[in-house]
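Residues per chain are reported as follows:
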Amino acid sequence: MRPLRSRIFAKRRLAQPTEPTAGERAAEGTEATPATPPADGTTPPADGAAAPPADQPNVAKTPDLTDEELAKMAEEQVGNETIVVTGSLIDRRELNTPAPVTVLDKADLDGAGVSTIGDIIQNLPAQSNAINAQVNNGGDGSTRVDIRGLGANRTLVLLNGRRVVPGGTGADSSVDLNAIPLAVIERVEVLKDGASAIYGSDAIGGVVNIITRDDFNGTEVALYTGGSPRGDGFAYDMSFVTGHSSKKGNIIFSAGWQHQSPVMAGDRTYSAFDKDYDFTEADPTMRESIGGSSATPGGRIAPGAIDYDGDGIPDGMTNLCGAMVGACKPNGSGGWAPFTDDDLYNYQPSNYLFTPSQRYNAFGKGHYDLSDNAKAFFEGLYLNRQSDQQLASEPFLAAVPISRDSIYNTTGGDVYDYRRRLEEFGPRRSLQNVDTFRIVAGLSGKVPEDAPLLKNWKWELSYNYGHTTSTQEGDGNLILSHLANAVGPSFIDTDGTPRCGTPAAPIPGCVPMNIMGPAGSINSQMRDYVTFTGVSSGFNDQKTALAQAGGRITKLPNGGDVSLAVGTDYRQEAGGSTPDPLTATGDTTGNAFAPTKGKYDVIEGFGELSVVPVSGLSAAQWLEFNLAARGFKYDTFGSGLTWKAGALFKTVGGIAIRGTYSTAFRAPSVAELYQGKADDFPSATDPCDTDLDGDGVSDGPIADPVTARRCAQQGVAPNAVFGTSQQRAVVGGNADLDAETAKVFTAGLVIEPPAVKGLSFTLDYFNIKISNAIQALGAQVILANCYTRDQDDACNQIHRDPQLAGAIDFVDDPVANVGGTTTDGVDFALAYDHKQGGAGHFHHQFEGQILHKYTLDNTIQLLQGVGYYDLGVYPRLKANFSTTWDLKPIDAGINVRYIGGYKECVDNDCNTPENLQMYSRNVDLNVTGDLFVGYTQKSKVGTTRFTVGVNNITDQKPSLIYIGFAGDSDASTYDYMGRYVYARLSQLF
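Residues numbered from 1 in each chain as written. Predicted model: local features only at pLDDT ≥ 70, side-chain atom pairs only at ≥ 80, totals over all residues. Heavy atoms only, no water.

Moving on to the sheet that holds strand 34 (residues 729-731). Across the sheet, four strands lie side by side as 33-34-39-38; this open sheet has mixed pairing. Looking at strand neighbours, the two that pair on one side only are strand 33 (678-680) and strand 38 (798-801), the edges of this open sheet. Neighbour-to-neighbour, the strand axes of this sheet turn through a mean angle of 30 degrees, independent of strand direction. Bridge count for strand 38 against strand 39 (residues 807-812) is four bridges, and the pairing is antiparallel. By the bridge assignment for strand 39, Ile798 is matched with Val811. Contacting strand 38 and strand 39, helix 11 (residues 779-787) crosses the sheet at an angle of about 85 degrees to strand 38. (Pairing = 2+ DSSP bridges. Helix = DSSP H or I, 4+ residues; strand = E, 2+ residues; numbered from the N terminus. Axes fitted to C-alpha atoms, helices over the stretch in contact; angles between N-to-C directions. Contact = heavy atoms within 4.5 Å.)

Right, dumping it as structure tokens:
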């Protein structure tokens with residue numbers, strides 16, 4: 001991947017006499033202090049519209065001007081140009097802002113070794129724990145962004161300064177980044193600060209503003225391909241962009257196709273087998289073991305699983321395995337043999353490690369000048385995504401008992417815990433087909449310069465409509481009622497045909513299943529009776545009407561002035577998801593969920609005031625105070641006000657001090673309000689399970705008195721063995737939710753010494769405190785609150801099944817306003833851009849985040865996240881180092897990504913002191929490196945650029961996390977692909 005040369009301030013590139021090379025673009029994109037504003041302190045008119053992207057204005061294309069004339073015109077424009085920087089509604093010429101903004105420009109994006117914008121943004125140090133294409137079990141094919149690790153729904157994503165409809169399988173609360181095609185993106189501005197006063201709900205962790213190309217005149221075609229040297233994970237991308245400019249306007253159109261092939265978990269050494277770790281084992285060399293599933297193709301019966309007397313309660317096994325008291329398996333000769341760890345089923349070869357997808361996209365944008373002071377504009381976006389996830393075939397885990405009267409049951413009793421991997425049914429798959437549509441249309445302009453009031457004020461009236469529709473097809477699950485019939489009583493009919501039911505009450509159409517037979521004993525008739533293909537559907541809908549205006553109010557002495565922006569908008573969010581009928585009723589072996597549908601409306605008024613009392617003085621080159629506020633009224637939870645204050649002071653020596661304080665909020669989403677109850681199966685260990693080493697045999701009574709007492713109260717035997725690493729949780733919405741609120745503080749230092757041209761250093765402290773947070777606690781937290789912290793409310797959320805010896809049936813885990821989250825840390829960046837004589841042009845950057853605190857208050861306990869895996873990956877240090885070199889026509893670069901280490905503990909609970917001290921291990925730091933080389937050639941037909949590169953050049957494995965849900969690591973943090981080779985060819989005509 002090309003190094004991400006992120007910068008803290010946006011720097012607009014102006015007219016260029018010729019198309020710049022990659023190295024020239026690198027030079028222009030450095031973090032440089034803009035020219036000192038003129039002494040009259042003229043500041044720009046205000047406008048809430050998005051900043052026009054950085055590209056070549058029409059003047060650069062005027063054929064009658066010489067290169068010298070063009071360069072002079074560009075230099076003159078620098079002093080007068082104004083843009084909107086993300087996080088402000090005020091047009092500004094001073095591009096340093098009170099809040100930290102990181103910018104990825106077109107050179108960064110074009111040179112990246114991936115074909116989607118989401119994969120690029122996820123590599124920023126401030127981003128963490130967001131879902132992506134490596135998430136198979138629990139993924140939906142989307143890629144999201146999560147600034148500060150506070151949740152993707154707390155990062156606001158904009159396109160050209162306006163909201164983007166959430167994407168996914170229905171009733172989603174965040175944007176699928178990869179719905180925006182990479183080919184049309186000019187730059188990305190990442191505001192690492194709360195911005196609810198500017199943009200409204202969701203901007204707590206930060207804002208990602210994706211800005212598309214504008215005033216493009218010409219045609220560009222690009223081809224990309226890449227893959228792993230192991231022969232998998234191939235990706236292909238083709239894009240086409242064309243644009244035309246005239247004196248009255250511009251129009252741009254883009255179309256593209258992208259394809260990603262899968263990687264199987266069994267094809268990487270680190271994920272070929274699931275590994276277990278015994279934190280309690282004294283001998284460190286004996287702690288790791290090869291794990292797997294007890295549901296095997298050959299079958300397994302648990303101890304104490306058979307009810308011989310018909311009272312509905314298992315009585316235990318009688319000599320099925322001789323003197324063996326553990327689990328048993330069929331021996332292939334009609335008898336039974338002991339079940340050992342060697343019999344565990346390896347499900348990894350059937351699981352995706354990197355999920356496949358395919359995308360088709362089209363994008364259009366344009367404007368037409370109606371007069372000197374008004375224009376009409378539009379944006380249009382369409383994308384179709386097809387993606388899928390795959391898991392090993394369905395495990396039969398005794399969801400229904402096997403009847404003693406089944407013709408295939410030879411045990412003499414009802415079997416309540418028989419486990420078998422149904423390989424005859426094929427893998428379980430979820431296939432998504434998602435369409436995203438977005439259209440923006442409006443009028444914008446400025447008040448004439450000779451107007452008596454508000455002269456040169458900019459204004460906009462616009463309407464933004466976004467809609468996603470999706471279908472999701474699920475294969476491999478079973479119809480629960482049919483399964484109960486198939487393993488229930490059965491008989492041989494007079495014609496010798498096996499029938500379900502009894503001779504007096506046969507079940508029409510049912511085929512008895514030989515569930516206790518060896519692998520391959522289930523034929524196609526048995527399979528067809530119990531299987532189905534379920535199709536669910538969903539949608540998201542977003543409508544926004546916006547009116548805003550702004551500009552300078554007055555000039556002030558000492559070169560300053562006052563500017564104001566005001567506006568109002570109306571927004572409606574709607575969403576829903578409809579499961580297939582069987583899933584809705586829960587009559588399947590898959591995750592049941594009920595329909596979701598709802599909407600809400602909000603009316604908002606907002607304003608921003610910028611006061612520059614001093615500008616252009618020797619010791620006070622720029623002093624700015626910024627105030628913003630937004631009032632809102634939701635039809636769900638009511639009204640409120642959020643505000644923000646910031647300041648920026650630039651003085652001698654290239655030193656600037658900046659800071660902000662703001663309140664922020666997030667309204668509950670449609671899903672959080674109206675989601676129907678749904679099943680989830682998170683990774684969680686049952687504290688009442690006495691099998692500590694996973695061998696199927698009890699390791700003795702529970703030592704902790706609180707845990708032992710709670711388990712006994714719930715009817716669990718002292719030597720209970722369940723062998724489950726996942727528990728069923730029932731999640732759902734809550735119509736009584738309030739908005740969550742936040743307080744955000746940032747303070748920063750910027751140093752750009754004039755004596756060392758091209759050198760810059762930034763240091764920004766951030767502190768975010770979220771209160772009344774909307775969240776589900778999670779099954780493992782609820783279990784710990786009950787069995788370790790002795791909380792009655794938590795124990796009431798745990799439901800056990802007496803017919804399964806007290807195994808957990810489900811855990812209630814709805815969303816609620818509970819506690820909150822606090823995080824603070826420091827962002828830093830050191831950059832140096834310089835030319836080295838005949839050796840070429842160099843750019844070096846070291847950027848990172850030092851995390852001091854990340855805590856989750858669940859109203860019962862303050863859970864620490866930094867340095868532990870309890871809440872996800874929150875290392876103390878994350879950093880990127882990059883360097884690029886350009887010596888025309890060749891350029892090259894390297895990037896090194898560092899993710900610090902932390903600890904994981906037994907039961908994923910390092911917040912229990914005993915676990916941290918005695919039952920923990922260190923998760924290693926992770927370092928990956930990328931390399932690329934490019935060649936740019938100009939000719940009569942245009943500019944040709946060819947890039948080749950290698951990502952993860954050392955083939956670094958992801959850090960080993962035994963508690964990690966997939967691949968014994970964390971799919972949202974580490975690279976699962978391994979070494980990856982790519983090539984990109986682009987032609988600009």
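To continue, consider the nonpolar core. Within the largest apolar cluster, 29 residues are counted, with the highest numbers of intra-cluster contacts made by Ile301, Trp336, Phe396, Ile402, Tyr418, Met513 and Ile515. When residues of this core are traced back to their parent elements, those giving at least two are helix 6 (480-486) and helix 7 (524-530). Among the elements that take part in this core, helix 7 stands out by supplying three residues, more than any other. Those residues within four positions of Ile402 in sequence are excluded, and the remaining contacts are Phe396, Asn409, Gly413, Asp414, Val415, Tyr418, Val487, Ile515 and Met516. In this structure, Val114, Val157, Val164 and Leu381 belong to the second largest nonpolar core, which totals 26 residues. (Core = buried A, V, L, I, M, F, W, Y, C linked by side-chain atoms within 4.5 Å. Buried < 20%, exposed > 50% of the residue type's maximum accessible area, 1.4 Å probe, protein only.)

Our focus in this paragraph is the pairing of strand 44 (residues 877-887). Here is the key point about a regular strand: its side chains alternate between the two faces of the sheet. Sheet topology places strand 42 (residues 841-857) next to strand 44; ten bridges connect them, and they run antiparallel. Among the inter-strand pairings, Phe846 is bridged to a residue of strand 44, identified as Phe881. Looking at chain direction, strand 44 and strand 45 (residues 890-899) are connected through ten bridges and run antiparallel. Within strand 45, the position partnered with Asn880 by the bridge is Arg897. Taking the residues between adjacent antiparallel strands as the criterion, strand 44 and strand 45 are bridged by two residues.

Simply put, the disulfide is a covalent bond whose two ends are the sulfur atoms of two cysteines. Per the counting criterion, the structure on display carries four disulfides. Across a sulfur-sulfur distance of 2.0 Å, Cys500 and Cys510 are joined as a disulfide pair. For the disulfide bridge between Cys500 and Cys510, the dihedral angle about the S-S bond is near -65 degrees, and by the sign convention the bridge is left-handed. Here Cys500 is found in strand 25 (residues 498-502), whereas its partner Cys510 is found in the loop between strand 26 (505-506) and helix 7, with ten residues between them in sequence. (Disulfide = S-S within 2.5 Å.)

This part covers unusual backbone geometry. Note that the residue after Lys888, namely Pro889, is joined by a cis bond; omega there is 5 degrees. Here Pro889 lies in the loop between strand 44 and strand 45. In this structure, Asn456 is a non-glycine residue whose phi angle is positive, near 65 degrees.

Moving on, we get to helix 11. In an α-helix, one turn spans 3.6 residues, which is why side chains three or four residues apart end up on the same side. In terms of burial, helix 11 is a largely internal element, nine of the nine residues being buried. Buried residues of helix 11: Ala779, Gln780, Val781, Ile782, Leu783, Ala784, Asn785, Cys786 and Tyr787, and no others. On its buried face, helix 11 sits against helix 10 (705-713), helix 12 (792-796), strand 38, strand 39 and strand 43 (862-864).

Before going further, it helps to spend a moment on the pattern of salt bridges. Per the stated rule, a full pass over the model turns up 41 salt bridges. Two residues, Asp686 and Arg800, come together in a salt bridge whose shortest N-O distance is 2.8 Å. Residue Asp686 is located in the loop between strand 33 and helix 10, and its partner Arg800 is located in strand 38; the two are separated by 114 residues in the primary sequence. Connected through salt bridges with shared partners, the residues Arg154, Arg666, Glu672 and Glu740 form a single ionic network. (Salt bridge = Lys/Arg side-chain N within 4 Å of Asp/Glu carboxyl O.)

For the rest of this paragraph, the subject is the environment of Asp214. Positionally, Asp214 belongs in the loop between strand 5 (206-212) and strand 6 (218-227). Residues Asp214 and Thr280, 66 residues apart in the sequence, show an inter-C-alpha distance of 61 Å.

So, about the side chain of Thr355. Mapping Thr355 onto the fold places it in the loop between strand 16 (352-354) and strand 17 (357-371). There is a polar contact of 2.7 Å between the side chain of Thr355 and the backbone oxygen of Ala133. Other than its neighbours up to four places away in sequence, Thr355 contacts Ala133, Val135, Asn136, Gln260, Asp388 and Gln389. (Polar contact = N/O pair within 3.5 Å; in protein donor to acceptor, adjacent residues only side chain to side chain.)

The next thing to look at is the environment of Gly167. Tracing the backbone shows Gly167 in the loop between strand 3 (162-163) and strand 4 (185-191). Among the residues examined, Gly167 registers a relative accessible area of 5% and is labelled buried. Between the C-alpha atom of Gly167 and that of Arg144, which follows or precedes it by 23 residues, the distance is 9.6 Å.

Inspection of helix 10 places Thr707, Arg710 and Cys711 among the buried residues, and these make up the whole buried set. Burial along helix 10 is one-sided: seen end-on, the buried residues are contained in an arc of 100 degrees. Along helix 10, the residues that are exposed and aim more than 90 degrees away from the buried face are Pro705, Ala712 and Gln713. The inward-facing, buried residues of helix 10 abut helix 11 and helix 12. (Arc of directions from axis to C-beta.)

Under the defined criterion, the tally for this structure stands at 16 aromatic pairs. Seen in terms of ring centroids, Tyr634 and Phe665 are 6.2 Å apart; in terms of plane orientation they differ by 80 degrees. Their pairing is edge-to-face. Linking Tyr634 in strand 30 (residues 622-634) with Phe665 in strand 32 (residues 655-666), this pair joins segments that are 31 residues apart in sequence. Residue class for Tyr634 comes out buried when judged on its relative accessible area of 3%. Residue Phe665 is classed as buried on the basis of its relative accessible area, which comes to 3%. Put simply, the rings of Tyr600, Phe632, Tyr634, Phe637 and Phe665 pair up and form one aromatic cluster. The positively charged end of Arg148 is found above the aromatic ring belonging to Phe766, 3.6 Å away from the centroid. A cation over a ring is seen here: Arg300 above Phe339, with NZ or CZ 5.3 Å from the ring centre. (Phe/Tyr/Trp six-rings, centres within 6.5 Å; stacked < 30°, edge-to-face > 60°. Lys NZ or Arg CZ within 6 Å of the ring centre and 35° of its normal.)

Let us now look at the confidence of the model for the chain. Residues with a pLDDT of 70 or more make up 90% of the chain, whose mean pLDDT is 88. Averaged pLDDT values for the elements of the chain fall to 32 in helix 1 (residues 22-28) and rise to 98 in strand 9 (residues 263-264). (pLDDT = per-residue confidence, 0-100.)

Attention now goes to the pairing of strand 31 (residues 638-650). As defined by bridge partners, strand 30 adjoins strand 31 across 13 bridges and the pair is classed as antiparallel. Paired with Phe625 across the strands is Ala647, a residue of strand 31. Remark: three residues form the turn of the hairpin made by strand 30 and strand 31, two consecutive strands paired antiparallel. Linking strand 31 to strand 32, which pair antiparallel, is a turn of four residues; within it Gly653 sits at a positive phi near 75 degrees.

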